[in-house]
Amino acid sequence: MEPGISLILIIIGSVIAFFFLLYLLPVNLWFTAQLSNVKISLLNLVLMRLRKVPPSLVTNAMITSTKAGLRITSNEIETHYLAGGNVNKVIKALISADKANIPLDFKLATAIDLAGRDVFDAVQLSVNPQVINTPPVAAVAKDGIQLIAKARVTVRANINQLVGGAGEETILARVGEGIVTTIGSSTNHKEVLENPDRISKTVLSKGLDSGTAFEILSIDIADIDIGENVGAKLQTDQAEADLKVANARAEERRAMAVATEQEMKAKAQDAKAKVIEAEAQVPLAMAEAFRNGNLGVMDYYKMQNIQADTDMRSSISKPGGAGKDKS
């Protein structure tokens, strides 16, 4: 190999080795940290690179926290990064909490961050309370009048309850329950309209923020509207139901009467059939009497006269019977 080519290869190898050494030994980060009064060794930065932790992230976080007067070690920052946390948001949250005199340490901040909550937004919510508007809540007073109330709930974050604490949905559900309970226990709807602050006082006294990630500061009733007369509607529905029951019972009685009438008609037909059957036996009995000598001819004519007289009387007693005889 020619000497010139060998020299070029040596120079290229030296340059590559130099840049690799600069990558492995972040001297510029170490120098910046020393200027910022951050105690971190060059060896520690090299070990971060080997552990696949960005040295710039740790160094900048330590510089920012040190300038803010916080005491956080590089090991704590590395641990939180390797656990999947957001280092920058934790540092910003700690600085904001320290300036606002909110008690928040690094351990709690990292726990909140790893729990999936935005710890910086939580600190901001502690400083600047949030107003939550409840959806319309309908409730009925004892006099049957429906009231529809809307409330505004002012809350701030409860830092100590952010891990495992319930969210806004629970706050809204509990406030709605308190509004329904207060209106439902009122004797009439006018009491609620005259004193809407009664709802706020009752709901606040229940401690609705227990076990949640928020602290309720105030509950203000924004609007109350009068809805339907639920009591009258229920009474109307009950009257209609009673009417349907009464009609059903009347129809049942009518059906029973019709059945009884048909039964009596059937019995009458049966009795008539028996009479006809008995009348059919009379000629046979008379013939038998003639044969046995128990009935004479004169007796037979006498009986016929009596029968004719009876038929005539029956005909006269019927309406229009006399006219028919004359005709």
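Criteria and thresholds
- Residues numbered from 1 in each chain as written.
- Predicted model: local features only at pLDDT ≥ 70, side-chain atom pairs only at ≥ 80, totals over all residues.
- Heavy atoms only, no water.
- Helix = DSSP H or I, 4+ residues; strand = E, 2+ residues; numbered from the N terminus.
- Buried < 20%, exposed > 50% of the residue type's maximum accessible area, 1.4 Å probe, protein only.
- Contact = heavy atoms within 4.5 Å.
- Areas by Shrake-Rupley, 256 points an atom, 1.4 Å probe, with all protein chains shown as cover.
- Phe/Tyr/Trp six-rings, centres within 6.5 Å; stacked < 30°, edge-to-face > 60°.
- Lys NZ or Arg CZ within 6 Å of the ring centre and 35° of its normal.
- Core = buried A, V, L, I, M, F, W, Y, C linked by side-chain atoms within 4.5 Å.
- Domains from an automatic or database assignment.
- Salt bridge = Lys/Arg side-chain N within 4 Å of Asp/Glu carboxyl O.
- Lys, Arg positive; Asp, Glu negative; His and termini not counted.
- Patch = residues over 30% accessible without salt bridge, like charges linked within 9 Å, V, L, I, M, F, W, Y side chains within 5 Å.
- Axes fitted to C-alpha atoms, helices over the stretch in contact; angles between N-to-C directions.
- Parallel < 35°, antiparallel > 145°, perpendicular 65-115°, else oblique.
- Left-handed = near helix turned anticlockwise from the far one by under 90°.
- Nonpolar A, V, L, I, M, F, W, Y, C, P; charged D, E, K, R; others polar.

Asks: Explain the overall build of the protein chain to me, using residue names and the numbers behind them.
Replies: Along the backbone of the protein chain there are 14 helices and four strands. Each of the 327 residues in the protein chain was classed as buried or not, and the buried ones make up 28%. Pairs at least 24 residues apart make up 65% of the contacts formed inside the protein chain by residues separated by at least 6 positions. A total of about 21200 Å² of accessible surface is found on the protein chain, and carbon and sulfur atoms cover 58% of it.

Asks: I'd like a rundown of the packing of aromatic side chains, residues and numbers included.
Replies: Counted by the stated rule, this structure contains zero aromatic pairs. Positioned above the aromatic ring of Phe 120 is the side chain of Lys 92, whose terminal nitrogen or guanidinium carbon lies 4.6 Å from the ring centre.

Asks: Before we move on, could you go through the nonpolar core and cite the residues and values that matter?
Replies: Note on soluble globular proteins: their nonpolar side chains tend to be buried together. Counting 58 residues, the largest nonpolar core has Leu 94, Leu 104, Ile 159, Ile 179, Ile 183 and Ile 199 as the members making the most contacts within it. If you tally residues by element for this core, the top one is helix H6 (residues 87-99), at seven residues. Shared between two domains, this core takes at least three residues from each, and those domains are domain 1 (23-126) and domain 2 (130-228). Sequence-distant contacts of Leu 104, defined by excluding residues within four places in its chain, comprise Ala 93, Leu 94, Ala 97, Ala 109, Ile 112, Val 119, Val 123 and Ile 159.

Asks: Which residues make up the pattern of salt bridges, and what values do they have?
Replies: Any two side chains of opposite charge can pair, so long as their charged atoms come close to each other. Taken as a whole and judged by the stated rule, the model has ten salt bridges. Measuring nitrogen to oxygen at the nearest pair gives 3.1 Å for the salt bridge that ties Glu 215 to Arg 156. Of this pair, Glu 215 sits in strand E4 (residues 214-229) while Arg 156 sits in strand E3 (residues 145-157), placing them 59 residues apart in sequence. On the basis of relative accessible area, Glu 215 is assigned to the partly exposed category, the value being 30%. Assessed through its relative accessible area of 31%, Arg 156 is described here as partly exposed. Ionic pairing is found between Lys 201 and Asp 197, a salt bridge with its closest N-O pair at 3.6 Å. Here Lys 201 and its partner Asp 197 are both found in helix H11 (residues 197-204), four residues apart, which amounts to about one turn of the helix. Owing to a relative accessible area of 38%, Asp 197 belongs among the partly exposed residues under this scheme.

Asks: Residue-level account of the side chain of Asp 113, with values.
Replies: Here Asp 113 shows up in helix H7 (residues 106-114). Despite being buried, Asp 113 has no salt bridge partner; Lys 89 is the closest side chain of opposite charge, sitting 6.7 Å away. Discounting chain neighbours no more than four positions away, the residues touching Asp 113 are His 80, Gly 85, Asn 86, Val 90 and Val 119.

Asks: Could you give me a rundown of a nonpolar patch on the surface, with the residues and numbers involved?
Replies: Taken together, the side chains of Val 27, Trp 30, Phe 31 and Leu 35 present a nonpolar region at the surface, about 400 Å² in accessible area. Among the structural elements, Phe 31 can be located in helix H2 (residues 27-35).

Asks: Kindly report on the packing of helix H4 (residues 55-67) against helix H5 (residues 74-82), identifying the contributing residues and their values.
Replies: Here H4 crosses H5 at 130°, and the two axes come no closer than 10 Å. It follows that H4 is oblique to H5 by the angle criterion. Note on packing geometry: the crossing formed by H4 with H5 is right-handed. The residues of H5 that touch H4, namely those facing Leu 57, Val 58, Ala 61 and Met 62, are Ser 74, Ile 77, Glu 78 and Tyr 81. When the residues that make up the contact of H4 with H5 are grouped by side-chain class, the tally is six nonpolar, one polar and one charged.

Asks: Lay out the side chain of Thr 212 in plain terms, naming residues and giving numbers.
Replies: Looking at the secondary structure, you find Thr 212 in the loop between H11 and E4. In this structure Thr 212 comes out as buried when scored by relative accessible area, which is 0%. With sequence-adjacent residues up to four places away left out, Thr 212 is seen in contact with Asn 158, Gln 161, Gly 165, Ala 166, Thr 170, Ile 171 and Arg 174.

Treat this as a map of the structure, not an account of what it does.
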